[in-house]
Amino acid sequence: MCGIVGYVGNKDINSVLMAGLWKLEYRGYDSSGVASIVNGDLEVRKVKGRLMNLQEILADKPLSGNLGIGHTRWATHGEPSEQNAHPQVDCKNEIAIVHNGIIENYYSLKEELIKKKHVFRSDTDTEVIAHLVEENYNGDLKESVLKTVSRLKGSFAIAVISVSEPDKIVAYRFGSPLIVGLGKDENLLASDISALMDHTRRVVIMSDGEMVVLKREEVKFYDKDGKNIEKEEKKIKWSPATIQKGKFPHYMLKEIHEQKDIIQKNVNLRIKGSEFDFGENFHFSPQELAHLSHIVIQACGTSWHAGYIGKYLFEDFARVRTEVDISSEFRYRNPVFDGEPLVMAISQSGETADTLAGIREAKAKFLKVLSLVNVRESTISRESDSTIYLNAGSEIGVASTKAYTSQIFQLYLFALYLSRLKWALGSSEIEEKIKEVKGIPEKIERILKEAVKIKKIAKKYKDGKDFMFIGRGINYPSALEGALKLKEISYIHATGYPAGEMKHGPIALISKDSPVVAIAPQSSVYEKMLNNIEELKSRGAKVIIIGSEGDKRIKEIGDDIIYIPLCEENLSPILVAIPLQLFAYYIAALNGRDVDRPRNLAKSVTVE
Ligand code: AGP
């Protein structure tokens with residue numbers, strides 16, 4: 001979602017702002033813009049569409065000056081257009097502002113400002129901030145921003161520049177991420193550490209209710225009341241992952257192919273003999289975990305599907321009752337907590353607004369929070385009591401692939417760990433399962449070698465209009481994930497169902513024109529799955545079956561078969577995910593979709 005960059009220093013402002021925006025591109029956006037101050041005037045360039053359009057405009061009409069702000073916008077209020085792109089400016093074109101988040105009370109503020117004769121030129125909620133800063137300005141930009149943010153409701157990270165004080169950028173964080181980069185003779189800010197790392201490894205992560213005033217030679221932090229505060233500087237030791245597509249036409253395909261190595265890396269990091277090592281950010285003691293009464297998992301989208309698989313794992317292995325909730329529901333449903341629950345948040349980006357709000361809801365009730373996060377130093381990991389990192393590397397494609405399988409992997413090991421603490425599984429059973437886990441990378445590789453066959457099947461079904469994905473048991477969430485993957489990147493309608501539920505309604509949709517993807521590896525519910533598939537076949541459905549190598553029965557009933565290696569039932573969602581991802585990928589690519597940046601979607605969903 002929206003990305004912010006800011007720079008004050010002596011480098012070429014066009015290249016620094018553009019380089020930062022390119023780094024934020026993966027978050028998803030539909031327009032962009034930059035602004036700087038030159039000889040007492042504000043210069044603004046804005047475009048609809050891809051960043052390349054902004055780069056072209058800047059090549060033609062570059063900005064000058066040594067201070068500027070930039071923005072990628074993902075539309076919430078007002079369509080994607082040049083007018084609605086940020087920076088937004090005040091009436092006199094003297095104050096420019098970029099914003100990530102939503103101003104919930106913008107309507108009443110706008111009415112108030114219109115009465116005071118402010119002239120609005122966009123449909124955005126953001127523009128009210130520019131006018132409020134103008135209204136409150138009394139010779140001190142910092143004071144005027146502080147006064148302004150005290151009137152705002154919602155979530156926001158903002159950066160403001162003004163021709164009256166051309167040596168500084170004033171920024172404020174409340175609910176959306178903002179990181180400051182400290183340089184020599186230059187200082188920066190951005191929504192994401194990756195946008196700073198070409199310039200510096202010294203960063204300060206801002207918390208909610210904090211302001212920063214950035215000058216070329218000085219950075220000062222303030223609390224919401226304007227009191228000077230000291231902030232801890234962090235040295236980023238890790239390097240940004242190489243984010244080139246290499247030989248692959250899309251990041252998504254590259255990321256699908258990285259899964260073997262990522263799981264292998266996690267096997268090496270997490271399994272130490274017969275012990276588990278969940279990393280340096282995991283602080284729960286065995287005693288604490290042994291006493292927990294139940295687990296509540298909350299997450300969004302694909303991460304929620306991984307969480308749903310977690311439910312099966314925790315209940316089966318550790319006999320720990322587990323609830324799974326979509327974060328946007330969890331945060332508003334006033335959940336009941338009794339006993340000593342552990343709240344788990346799962347998120348690739350670590351910045352998803354609803355998941356973060358769910359954590360805050362849990363913390364307000366004094367509950368312990370464990371998060372499973374991919375992006376290091378992200379807000380969700382910082383606000384959780386403990387974090388297990390996914391170690392999946394940067395995921396650029398909007399469709400989550402490698403983060404998802406890594407989430408399942410971590411959940412699997414954590415469930416085994418809990419089962420040991422709770423005396424649910426015996427040591428030999430746990431050993432056996434660890435052995436199975438170690439075999440997963442090689443099995444993923446075998447599936448990836450079959451990618452061409454999956455492409456052929458995708459070609460056959462690429463014109464389908466309605467797809468049904470079905471599964472049972474631990475692969476019911478896999479069916480939900482298969483449907484989500486297909487719809488989000490191909491724009492083809494798809495729905496996921498527990499196979500046993502079909503006859504309670506959805507079977508009415510079945511005809512020869514509605515392909516069904518049935519997930520039926522060897523498992524405790526295998527026979528039941530076959531019965532469900534037969535029911536669909538006898539109503540004319542075309543069925544693609546994902547099943548286990550060597551299974552002859554599925555060959556007789558399926559129209560097309562994708563084989564995965566045999567594995568322990570509870571590990572099968574990892575293997576099943578690979579053909580589901582490839583199937584969705586090829587259908588979308590064959591239909592000419594923008595696979596890595598599907599319409600209307602953002603990689604990091606920082607607004608609710
Ligand atoms: C996945 O393919 C999606 N694009 C989306 O559902 C995503 O999983 C969801 O927005 C949650 O994101 P998070 O994992 O970064 O919290």
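A brief look at the structure comes next. (Residues numbered from 1 in each chain as written. Predicted model: local features only at pLDDT ≥ 70, side-chain atom pairs only at ≥ 80, totals over all residues. Heavy atoms only, no water.)

### Things to note about the overall build of the chain
When helices and strands are counted, the chain shows 20 helices and 27 strands. For the chain, the C-alpha radius of gyration of 25 Å lies close to 25 Å, the compact-globule estimate for 608 residues. A burial count over the chain gives 60% of its 608 residues as buried. In the chain, 72% of the contacts between residues at least 6 apart in sequence involve partners at least 24 apart. With an accessible surface of roughly 23800 Å², the chain has 48% of that area assigned to carbon and sulfur atoms. Side chains of the chain give 83 positive and 83 negative charges; the mean places of these two sets differ by 3 Å. (Helix = DSSP H or I, 4+ residues; strand = E, 2+ residues; numbered from the N terminus. Rg over C-alpha atoms; globule rule 2.2 N^0.38 Å. Buried < 20%, exposed > 50% of the residue type's maximum accessible area, 1.4 Å probe, protein only. Contact = heavy atoms within 4.5 Å. Areas by Shrake-Rupley, 256 points an atom, 1.4 Å probe, with all protein chains shown as cover. Lys, Arg positive; Asp, Glu negative; His and termini not counted. Charge placed at Lys NZ, Arg CZ, Asp CG, Glu CD.)

### Brief notes about the packing of helix H15 (residues 440-448) against helix H20 (residues 572-590)
Two numbers describe how H15 lies on H20: the axes approach to 10 Å, and their chain directions differ by 25 degrees. Here H15 lies roughly parallel to H20, going by the angle between them. Along this stretch, H15 crosses H20, giving a crossing that reads as right-handed. Judged by residue contacts, Ile440, Lys443, Ile444, Ile447 and Leu448 of H15 engage Ile574, Leu575, Ile578, Pro579 and Leu582 from H20. (Axes fitted to C-alpha atoms, helices over the stretch in contact; angles between N-to-C directions. Parallel < 35°, antiparallel > 145°, perpendicular 65-115°, else oblique. Left-handed = near helix turned anticlockwise from the far one by under 90°.)

### Quick word on helix H1 (residues 13-24)
For an α-helix the count is 3.6 residues per turn, leaving residues at separations of three or four pointing the same way. Taking 1.5 Å of rise per residue, 12 residues should cover 16 Å, and H1 covers 17 Å from first to last C-alpha, within 8% of that figure. Within H1 the residues assigned to the buried category are Ile13, Asn14, Val16, Leu17, Met18, Gly20, Leu21 and Leu24. Where the residues of H1 are buried, they touch strand E1 (3-8), strand E2 (31-38), helix H2 (51-60), strand E4 (67-73) and strand E10 (187-190). (Expected span 1.5 Å × (residues − 1).)

### Notes on the sheet that holds strand E22 (residues 386-389)
The five strands are arranged E19-E18-E20-E21-E22 in an open sheet whose pairing can be described as parallel. The open sheet terminates on both sides in strands that have one partner only, identified here as strand E19 (321-326) and E22. Within this sheet the neighbouring strands show an average axis-to-axis angle of 20 degrees, counted without direction. Sheet analysis places strand E18 (residues 294-299) next to strand E20 (residues 342-347), joined by five bridges and oriented parallel. If you follow Ala299 over to E20, its bridge partner there is Ile346. (Pairing = 2+ DSSP bridges.)

### Digging into the site of the ligand
Taken together, 15 residues lie around the ligand, and Ser303, Ser347, Ser349, Thr352 and Glu488 are the ones closest in. The separation between an oxygen atom of the ligand and a polar side-chain atom of Ser303 is 2.6 Å. Separating an oxygen atom of the ligand from a side-chain N or O atom of Ser349 is a distance of 2.7 Å. For the ligand, whose accessible area on its own is 410 Å², the fraction buried by protein is 90%. When contributions to the shell around the ligand are tallied by element, the ones reaching two or more residues are helix H9 (301-318) and helix H17 (476-490). (Near = heavy atom within 4 Å. Polar contact = N/O pair within 3.5 Å; in protein donor to acceptor, adjacent residues only side chain to side chain.)

### Observations regarding the sheet that holds strand E11 (residues 202-205)
One key point about sheets: their strands pair by backbone hydrogen bonds, in either a parallel or an antiparallel sense. In space, the eight strands of this open sheet follow the order E3-E2-E4-E1-E10-E9-E11-E15, with antiparallel pairing throughout. Only two strands of the sheet have a single neighbouring strand rather than two, namely strand E3 (41-48) and strand E15 (234-235). Both E2 and E3 contribute to a ladder of eight bridges, which runs antiparallel. By the bridge assignment for E3, Val34 is matched with Arg45. Its contacts with the sheet place H2 against E2, E3 and E4, and it is angled at close to 140 degrees to E3.

### Points about the pairing of E19
Successive residues of a regular strand alternate their side chains across the two faces of the sheet. Relative to E19, E18 is paired through six bridges, and the arrangement is parallel. By the bridge assignment for E19, Ile295 is matched with Thr322. Handedness of the crossover joining E18 and E19 through H9: right-handed. (Right-handed = clockwise from strand over helix to strand, strands pointing away.)

### Re unusual backbone geometry
Glycine aside, the phi torsion of most residues is negative, and most peptide linkages are trans. Here the amide bond leading from His86 into Pro87 is cis, since omega sits at 5 degrees, within 30 degrees of zero. Along the chain, the position of Pro87 falls in the loop between E4 and strand E5 (88-89). A positive phi angle, close to 45 degrees, is found at Asn39, a residue other than glycine. Checked against the element boundaries, Asn39 lands in the loop between E2 and E3. Positive phi is not limited to glycine here, since Asn334 has a value of about 50 degrees. Following the sequence through the fold, Asn334 ends up in the loop between helix H10 (327-330) and E20. Judged by relative accessible area, which is 57%, Asn334 ranks as exposed.

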